Amino acid sequence: MRKPELAAAIAERADLSKDKASQVLNVILDEITGSVAQGQDVSLIGFGTFTVRERAARTGKNPQTGQPLTIPASKTVAFKPGKGLKDAVAK
């Protein structure tokens, strides 16, 4: 499911126009993105939790030359599914 399809499903189930549902979806995604970018966890009970994880610097290998290189430390987004989502997928 893509974003427009999700907005259309929200519009149908919440009795909103597609434009209004798309606007609501954009606001939700912006708020999640902003909170995670600031390092805050975003927990949606029953769905899951978005968190920031830090990756340590490590040594890798250039696949073309085989030379060792240092991969710098970085941050990434992680998602841990909640019980409700896990149960729905397991069915």
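Structure report, in brief. Keep in mind that what you see is a predicted model, and the values were worked out from it rather than measured.

The grouping of L16, V24 and I28 at the surface amounts to a nonpolar patch, some 220 Å² of accessible area in total. For L16, the position within the fold is in the loop between α1 (3-14) and α2 (18-37). Accessibility expressed as a relative area gives 36% for L16, which makes it partly exposed.

Moving on to the packing of aromatic side chains. Under the defined criterion, the tally for this structure stands at two aromatic pairs. Ring centres of F47 and F79 lie 5.5 Å apart, and the angle between their planes is 55°; this geometry places the pair in the tilted category. You can see F47 sitting in the loop between β1 (42-44) and β2 (48-55) and its partner F79 sitting in strand β5 (residues 74-81), a full 32 residues away along the chain. Residue classification places F47 among the partly exposed positions, given a relative accessible area of 40%. Both rings, one in F50 and one in F79, keep their centres 4.8 Å apart while their planes meet at 50°; by these two values the pair is tilted. Of the two residues, F50 is situated in strand β2 and F79 in strand β5; the sequence distance between them amounts to 29 residues. Classification of F79 by relative accessible area gives partly exposed; the value is 33%. What links up through ring pairs into an aromatic cluster is the set F47, F50 and F79.

What counts, and at which threshold
- Residues numbered from 1 in each chain as written.
- Predicted model: local features only at pLDDT ≥ 70, side-chain atom pairs only at ≥ 80, totals over all residues.
- Heavy atoms only, no water.
- Patch = residues over 30% accessible without salt bridge, like charges linked within 9 Å, V, L, I, M, F, W, Y side chains within 5 Å.
- Areas by Shrake-Rupley, 256 points an atom, 1.4 Å probe, with all protein chains shown as cover.
- Salt bridge = Lys/Arg side-chain N within 4 Å of Asp/Glu carboxyl O.
- Helix = DSSP H or I, 4+ residues; strand = E, 2+ residues; numbered from the N terminus.
- Buried < 20%, exposed > 50% of the residue type's maximum accessible area, 1.4 Å probe, protein only.
- Phe/Tyr/Trp six-rings, centres within 6.5 Å; stacked < 30°, edge-to-face > 60°.

These values are about where atoms sit, not about what they do.
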